[in-house]
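A structural walkthrough
In case you want the letters, here they are:
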Amino acid sequence: MHTVWKGSISFGLVNIPVRMFTATEERDIRFRQLHKECHTPIKYTKMCPHCQREVDTSEIVRGFEYEKGHFVMIDDDDLEAITPETRRAIEIIDFVDLSEIDPVYFHKSYFLSPQDTGEKAYALLRSAMEQTGKIGVAQVTMRNRQSLAVIRLYEHCIMLETIFYPDEVRPVNQVPALPEATVPLAENELKMATELISNMTLPFDPAKYTDEYRSDLQKLIEKKLEGQEIATAPTVARTNVIDLMQALKESLESTAGQAAVPIKIEPEPTPSKPARKRTTAASSSEKEQASKKETAASPKKTTTTSTTKTLRKKKATSG
């Protein structure tokens, strides 16, 4: 691994010299943009539209645009003057429980390993954090930027995780069209949803999850290199779900074998309608009419059923 930072962890009067390594990496397959005519990679040059020429890196300076087209210039000496003294130290300010920090705050992960003289102090901090179950909240300056971070354990390694400052996390009330917390829910639907979650609950195993698109893309590239034809992947048939209740029922059926404790779903009670007062004569008349209709419809129903059976027999015979 490539060392990205050297410094120390400090908590109280204890100082632990450490090295920092990037803990994660993106594995995306990236494409180059080529000229369609000759397949030469496209170059992006840094042009000054005012001078109408390409500029060298040594000619580029920093500027903050405080108004449209107006800049205040910032050079290296300006940044050096305000760089905190903690630029080479990970200063632990507090210890807290990991569960108290929402995942939305986490940004980027780094492994920390002890330098030559820090093995014992490193092991001491690691064991103390393991026994207490606490993580450290710290500040660290990297690349001229002071970041908020947490110090926590990952397996047997101390890890630094940069986190966002509170004003960098957008407030939830800015999210449009969020349903209110008091939205009325059908009791049956809620029971089925909780049972579905129970059916799908398993211990977290990161090895179970793979980037299928990246794998397919890699295979496509290999086939292209070998000159093979590319077959179109079959589309997965989607069921025609009528409503939320139907979706819950179909989902429960597909995960029924995983259920730990089945939940009995009671039918939603149908509100009773008040009986309307009707005259005896009217009731008798309606019963007679209904009886006539039923009698008239019965032969037709029998005929239809017989016809269907006959067609099925002919189809079976011809088949």
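Described below are features of the structure shown in this document. (Residues numbered from 1 in each chain as written. Predicted model: local features only at pLDDT ≥ 70, side-chain atom pairs only at ≥ 80, totals over all residues. Heavy atoms only, no water.)

Note that N15 resides in strand β2 (residues 14-22). With 103 residues separating them in the primary sequence, N15 and G118 have C-alpha atoms 8.4 Å apart. Apart from the residues lying within four places of it in its own chain, the contact partners of N15 are S8, I9 and S10. A polar atom in the side chain of N15 sits 3.5 Å from the side chain of S8. (Helix = DSSP H or I, 4+ residues; strand = E, 2+ residues; numbered from the N terminus. Contact = heavy atoms within 4.5 Å. Polar contact = N/O pair within 3.5 Å; in protein donor to acceptor, adjacent residues only side chain to side chain.)

With that settled, the discussion passes to the pattern of salt bridges. A complete count under the given rule lists 7 salt bridges for this structure. A salt bridge links R30 to E26, with the shortest nitrogen-to-oxygen separation between them at 2.9 Å. Here R30 matches E26 in class, with each residue exposed. K191 serves as the salt-bridge partner of E187, at 3.7 Å between the closest nitrogen and oxygen. Of the two residues, E187 and K191 both sit in helix α3 (residues 187-199), 4 residues apart, roughly one turn of that helix. Take E187: its relative accessible area is 53%, and that puts it in the exposed class. By relative accessible area, which is 26% here, K191 ends up partly exposed. (Salt bridge = Lys/Arg side-chain N within 4 Å of Asp/Glu carboxyl O. Buried < 20%, exposed > 50% of the residue type's maximum accessible area, 1.4 Å probe, protein only.)

Our next topic: the packing of α3 against helix α5 (residues 244-254). Angle between the axes and distance between the axes: these two values describe a pair of packed helices. Their axes nearest at 10 Å, the elements α3 and α5 cross at an angle of 30°. The angle between α3 and α5 falls in the class roughly parallel. The hand of the α3/α5 crossing is left-handed. Contact residues: N188, E189, M192, A193, E195, L196 and N199 in α3; L244, M245, L248, K249, S251 and L252 in α5. Classifying every residue of the contact of α3 with α5 gives 7 nonpolar, 3 polar and 3 charged. (Axes fitted to C-alpha atoms, helices over the stretch in contact; angles between N-to-C directions. Parallel < 35°, antiparallel > 145°, perpendicular 65-115°, else oblique. Left-handed = near helix turned anticlockwise from the far one by under 90°. Nonpolar A, V, L, I, M, F, W, Y, C, P; charged D, E, K, R; others polar.)

Keep in mind these values describe shape, not function.
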